Amino acid sequence: MKVSYHGHAVIKVQTEKHTILIDPFITGNRLCDLDADTIQVDYILLTHGHNDHVGDTVALAKRNDALVIAPNELADYLSYQGVRVHNMHIGGSYKFDFGKVKFTQAFHGSSFQEEDGTIVYTGMPAGILLTIKDKTIYHLGDTALFTDLKMYGEMNNIDVAFIPIGDNFTMGPEDALIAANWVKAKIVVPIHYNTFPVIEQDPEDFAKKVKTGEGRVMKTGDVIEL
(Lines give C-alpha, C1' and ligand atoms only; values in the text may rest on other atoms or scores of the structure.)
Protein backbone atom coordinates (compact mmCIF):
# COMPACT_ATOMS: atom_id res chain seq x y z
CA MET A 1 0.00 0.00 0.00
CA LYS A 2 1.28 3.45 -0.94
CA VAL A 3 0.20 6.59 0.90
CA SER A 4 1.07 9.91 -0.73
CA TYR A 5 0.66 13.57 0.19
CA HIS A 6 -0.54 16.17 -2.31
CA GLY A 7 -0.62 19.50 -0.49
CA HIS A 8 -2.96 21.02 2.10
CA ALA A 9 -4.93 18.02 3.45
CA VAL A 10 -5.01 15.89 0.28
CA ILE A 11 -3.99 12.26 0.83
CA LYS A 12 -4.00 9.47 -1.76
CA VAL A 13 -4.00 5.82 -0.71
CA GLN A 14 -3.14 3.28 -3.38
CA THR A 15 -3.91 -0.34 -2.56
CA GLU A 16 -3.48 -3.35 -4.82
CA LYS A 17 -6.96 -2.84 -6.25
CA HIS A 18 -8.22 0.63 -5.31
CA THR A 19 -7.35 4.31 -5.33
CA ILE A 20 -8.69 6.34 -2.41
CA LEU A 21 -8.55 10.13 -2.09
CA ILE A 22 -9.07 12.02 1.15
CA ASP A 23 -10.21 15.65 0.94
CA PRO A 24 -9.38 16.14 -2.78
CA PHE A 25 -8.81 19.91 -2.93
CA ILE A 26 -7.03 19.98 -6.29
CA THR A 27 -8.33 22.86 -8.40
CA GLY A 28 -7.19 26.12 -6.83
CA ASN A 29 -4.66 24.39 -4.58
CA ARG A 30 -1.27 25.74 -5.61
CA LEU A 31 0.49 23.02 -3.62
CA CYS A 32 -1.27 20.10 -5.30
CA ASP A 33 0.38 18.12 -8.10
CA LEU A 34 -2.67 16.06 -9.11
CA ASP A 35 -4.66 16.64 -12.29
CA ALA A 36 -8.38 16.75 -11.54
CA ASP A 37 -9.19 16.01 -15.20
CA THR A 38 -7.24 12.77 -15.44
CA ILE A 39 -6.76 11.20 -12.00
CA GLN A 40 -8.61 7.95 -11.50
CA VAL A 41 -10.22 7.28 -8.13
CA ASP A 42 -12.51 4.60 -6.74
CA TYR A 43 -13.40 6.10 -3.35
CA ILE A 44 -13.38 9.63 -1.94
CA LEU A 45 -13.33 10.16 1.83
CA LEU A 46 -14.24 13.56 3.25
CA THR A 47 -13.59 14.96 6.71
CA HIS A 48 -15.94 17.95 6.46
CA GLY A 49 -17.72 20.30 4.11
CA HIS A 50 -15.39 23.28 3.75
CA ASN A 51 -14.55 24.08 0.13
CA ASP A 52 -10.82 23.52 0.63
CA HIS A 53 -11.58 19.90 1.59
CA VAL A 54 -14.55 18.96 -0.60
CA GLY A 55 -12.61 20.47 -3.48
CA ASP A 56 -13.12 18.54 -6.72
CA THR A 57 -15.22 15.79 -5.17
CA VAL A 58 -18.32 16.15 -7.34
CA ALA A 59 -16.45 16.26 -10.65
CA LEU A 60 -14.14 13.40 -9.67
CA ALA A 61 -16.97 11.24 -8.40
CA LYS A 62 -19.06 11.76 -11.52
CA ARG A 63 -16.20 11.14 -13.95
CA ASN A 64 -15.02 8.00 -12.14
CA ASP A 65 -18.35 6.78 -10.73
CA ALA A 66 -16.50 6.88 -7.40
CA LEU A 67 -18.24 6.33 -4.09
CA VAL A 68 -18.06 9.30 -1.71
CA ILE A 69 -17.86 8.39 1.99
CA ALA A 70 -18.66 11.32 4.26
CA PRO A 71 -20.41 12.46 7.45
CA ASN A 72 -24.17 12.19 7.12
CA GLU A 73 -25.29 15.73 6.26
CA LEU A 74 -22.36 16.30 3.90
CA ALA A 75 -23.10 13.01 2.17
CA ASP A 76 -26.75 14.04 1.79
CA TYR A 77 -25.74 17.37 0.27
CA LEU A 78 -23.41 15.68 -2.22
CA SER A 79 -26.05 13.13 -3.15
CA TYR A 80 -28.19 16.05 -4.34
CA GLN A 81 -25.33 16.91 -6.71
CA GLY A 82 -25.79 13.54 -8.39
CA VAL A 83 -22.94 11.48 -6.91
CA ARG A 84 -23.01 8.10 -5.19
CA VAL A 85 -22.55 8.40 -1.44
CA HIS A 86 -22.23 6.30 1.68
CA ASN A 87 -23.48 8.21 4.73
CA MET A 88 -21.62 7.75 8.02
CA HIS A 89 -21.27 9.59 11.30
CA ILE A 90 -18.89 10.16 14.19
CA GLY A 91 -18.16 7.01 16.16
CA GLY A 92 -19.49 4.76 13.42
CA SER A 93 -17.40 2.37 11.35
CA TYR A 94 -18.08 0.37 8.21
CA LYS A 95 -16.16 -2.31 6.33
CA PHE A 96 -15.80 -1.61 2.63
CA ASP A 97 -14.08 -3.88 0.12
CA PHE A 98 -10.83 -1.94 0.56
CA GLY A 99 -10.88 -1.86 4.38
CA LYS A 100 -12.57 -0.22 7.36
CA VAL A 101 -13.47 3.45 7.79
CA LYS A 102 -14.28 4.97 11.17
CA PHE A 103 -15.12 8.62 11.74
CA THR A 104 -13.79 10.32 14.86
CA GLN A 105 -14.52 13.63 16.51
CA ALA A 106 -12.93 16.82 15.25
CA PHE A 107 -13.47 20.26 16.74
CA HIS A 108 -14.00 22.59 13.81
CA GLY A 109 -16.85 23.72 11.53
CA SER A 110 -18.44 22.22 8.43
CA SER A 111 -20.21 24.16 5.69
CA PHE A 112 -20.00 24.54 1.93
CA GLN A 113 -20.10 27.90 0.18
CA GLU A 114 -21.92 27.90 -3.16
CA GLU A 115 -20.76 30.02 -6.10
CA ASP A 116 -23.44 32.60 -5.33
CA GLY A 117 -22.20 32.93 -1.76
CA THR A 118 -24.90 30.79 -0.17
CA ILE A 119 -23.54 28.83 2.78
CA VAL A 120 -24.88 25.30 3.23
CA TYR A 121 -24.48 23.69 6.66
CA THR A 122 -22.99 20.22 6.27
CA GLY A 123 -23.19 18.74 9.75
CA MET A 124 -20.34 17.76 12.02
CA PRO A 125 -16.65 17.75 11.04
CA ALA A 126 -14.69 14.56 11.58
CA GLY A 127 -11.38 12.78 11.48
CA ILE A 128 -10.92 9.49 9.66
CA LEU A 129 -9.40 6.25 10.88
CA LEU A 130 -8.70 4.16 7.79
CA THR A 131 -7.64 0.55 8.39
CA ILE A 132 -6.49 -1.55 5.45
CA LYS A 133 -5.38 -5.06 6.30
CA ASP A 134 -3.19 -4.58 9.39
CA LYS A 135 -2.26 -0.93 8.77
CA THR A 136 -4.07 2.10 10.17
CA ILE A 137 -3.94 5.67 8.87
CA TYR A 138 -5.41 8.49 10.93
CA HIS A 139 -6.33 11.71 9.12
CA LEU A 140 -7.29 14.06 11.94
CA GLY A 141 -9.11 16.43 9.61
CA ASP A 142 -9.30 20.08 10.59
CA THR A 143 -9.39 20.19 14.35
CA ALA A 144 -8.40 21.91 17.55
CA LEU A 145 -6.56 20.01 20.24
CA PHE A 146 -8.90 17.93 22.41
CA THR A 147 -8.21 15.27 25.00
CA ASP A 148 -10.08 12.41 23.30
CA LEU A 149 -7.15 12.22 20.89
CA LYS A 150 -5.39 10.43 23.71
CA MET A 151 -8.18 7.83 23.72
CA TYR A 152 -7.88 7.31 19.97
CA GLY A 153 -4.16 6.70 20.43
CA GLU A 154 -4.82 4.14 23.15
CA MET A 155 -7.55 2.34 21.20
CA ASN A 156 -5.73 2.09 17.88
CA ASN A 157 -2.33 0.99 16.62
CA ILE A 158 -1.78 3.92 14.26
CA ASP A 159 0.92 3.64 11.62
CA VAL A 160 0.66 7.12 10.09
CA ALA A 161 -1.10 10.20 11.46
CA PHE A 162 -1.74 13.29 9.35
CA ILE A 163 -1.97 16.21 11.79
CA PRO A 164 -2.85 19.83 10.92
CA ILE A 165 -0.31 22.43 12.07
CA GLY A 166 -1.40 25.59 10.27
CA ASP A 167 -2.88 27.43 13.27
CA ASN A 168 -5.57 30.11 12.86
CA PHE A 169 -8.20 27.62 11.61
CA THR A 170 -6.81 24.46 13.26
CA MET A 171 -4.19 23.42 15.78
CA GLY A 172 -0.91 25.26 15.56
CA PRO A 173 2.46 23.49 15.90
CA GLU A 174 2.53 23.59 19.71
CA ASP A 175 -0.86 21.95 20.10
CA ALA A 176 -0.12 19.57 17.24
CA LEU A 177 2.94 18.29 19.12
CA ILE A 178 0.71 17.42 22.06
CA ALA A 179 -1.71 15.71 19.67
CA ALA A 180 1.16 13.70 18.19
CA ASN A 181 2.18 12.49 21.64
CA TRP A 182 -1.38 11.44 22.41
CA VAL A 183 -2.09 9.74 19.08
CA LYS A 184 1.15 7.73 19.32
CA ALA A 185 1.49 7.07 15.60
CA LYS A 186 4.66 5.48 14.27
CA ILE A 187 4.95 8.26 11.68
CA VAL A 188 3.59 11.79 12.17
CA VAL A 189 3.08 13.96 9.08
CA PRO A 190 2.17 17.65 9.29
CA ILE A 191 -0.59 18.85 6.94
CA HIS A 192 -2.81 21.90 6.41
CA TYR A 193 -0.07 24.52 6.29
CA ASN A 194 1.42 27.04 3.80
CA THR A 195 -1.53 26.85 1.40
CA PHE A 196 -2.54 30.39 2.36
CA PRO A 197 -0.50 33.15 4.04
CA VAL A 198 -2.52 32.94 7.27
CA ILE A 199 -1.45 29.31 7.85
CA GLU A 200 2.25 29.60 7.01
CA GLN A 201 4.35 27.35 9.27
CA ASP A 202 7.75 25.62 9.37
CA PRO A 203 7.00 21.88 8.99
CA GLU A 204 10.64 20.87 9.45
CA ASP A 205 10.75 22.56 12.85
CA PHE A 206 7.57 20.75 13.85
CA ALA A 207 8.81 17.37 12.63
CA LYS A 208 12.08 17.52 14.53
CA LYS A 209 10.21 18.27 17.77
CA VAL A 210 7.94 15.21 17.54
CA LYS A 211 8.80 12.96 20.48
CA THR A 212 6.40 10.05 20.00
CA GLY A 213 7.02 8.38 16.65
CA GLU A 214 8.94 9.76 13.70
CA GLY A 215 8.10 13.27 12.55
CA ARG A 216 8.25 13.29 8.77
CA VAL A 217 7.70 16.18 6.38
CA MET A 218 6.19 14.98 3.12
CA LYS A 219 6.69 17.18 0.10
CA THR A 220 4.00 17.18 -2.57
CA GLY A 221 4.01 13.77 -4.23
CA ASP A 222 6.07 12.03 -1.54
CA VAL A 223 5.07 8.44 -0.76
CA ILE A 224 5.10 6.27 2.34
CA GLU A 225 4.93 2.53 1.73
CA LEU A 226 3.11 0.49 4.36
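Refer to the preceding data block for the structure.
Residues numbered from 1 in each chain as written. Predicted model: local features only at pLDDT ≥ 70, side-chain atom pairs only at ≥ 80, totals over all residues. Heavy atoms only, no water.

Draft legend 1. A look at the environment of H18. Turning to its location among the elements, H18 is positioned in the loop between strand 2 (11-14) and strand 3 (19-22). By relative accessible area, H18 is classed as buried at 14%. For H18 and D97, which are 79 residues apart along the polypeptide, the C-alpha to C-alpha distance reads 9.2 Å. Apart from the residues lying within four places of it in its own chain, the contact partners of H18 are V13, D42, Y43, D97 and F98. Within the local environment of H18, its side chain forms a polar contact with the side chain of D97, the two groups lying 3.4 Å apart. (Helix = DSSP H or I, 4+ residues; strand = E, 2+ residues; numbered from the N terminus. Buried < 20%, exposed > 50% of the residue type's maximum accessible area, 1.4 Å probe, protein only. Contact = heavy atoms within 4.5 Å. Polar contact = N/O pair within 3.5 Å; in protein donor to acceptor, adjacent residues only side chain to side chain.)

Draft legend 2. Molecular detail of the side chain of T104. Along the chain, T104 turns up in strand 8 (residues 100-105). Note on T104: relative accessible area 1%, which makes it buried. Among the polar contacts listed, one links the side chain of T104 to the side chain of Y138, at a separation of 3.1 Å. When residues no more than four places from it in sequence are discounted, the contact partners of T104 are I90, P125, A126, G127, I128, L129, Y138 and Y152.

Draft legend 3. Looking closely at the sheet that holds strand 3. Across the sheet, which stays open at both edges, the seven strands sit in the order 6-5-4-3-2-1-16 with mixed pairing between neighbours. Across the chains shown, the open sheet's two edge strands, defined by having one partner strand only, are strand 6 (84-88) and strand 16 (223-225). Direction aside, the axes of adjacent strands within the sheet are offset by 20 degrees on average. Pairing geometry for strand 5 (residues 67-71) and strand 6, over five bridges, is parallel. Note on strand 6: the bridge partner recorded for A70 is N87. Along the sheet, helix 2 (residues 57-64) contacts strand 3, strand 4 (43-45) and strand 5; its crossing angle with strand 4, the most-contacted strand, is approximately 160 degrees. (Pairing = 2+ DSSP bridges. Axes fitted to C-alpha atoms, helices over the stretch in contact; angles between N-to-C directions.)

Draft legend 4. Inspection of the nonpolar core at higher detail. Counting 52 residues, the largest nonpolar core has L45, I69, V101, L130, L149 and F162 as its most contacted members. Among the elements that take part in this core, helix 5 (residues 173-183) stands out by supplying six residues, more than any other. Once residues lying within four places of it in the same chain are set aside, the contact partners of I69 are Y43, I44, L45, L46, H86, M88, F96, F98, V101 and F103. Core analysis: the next-biggest nonpolar cluster, separate from the first, contains 23 residues, F25, C32, L74 and Y77 among them. (Core = buried A, V, L, I, M, F, W, Y, C linked by side-chain atoms within 4.5 Å.)

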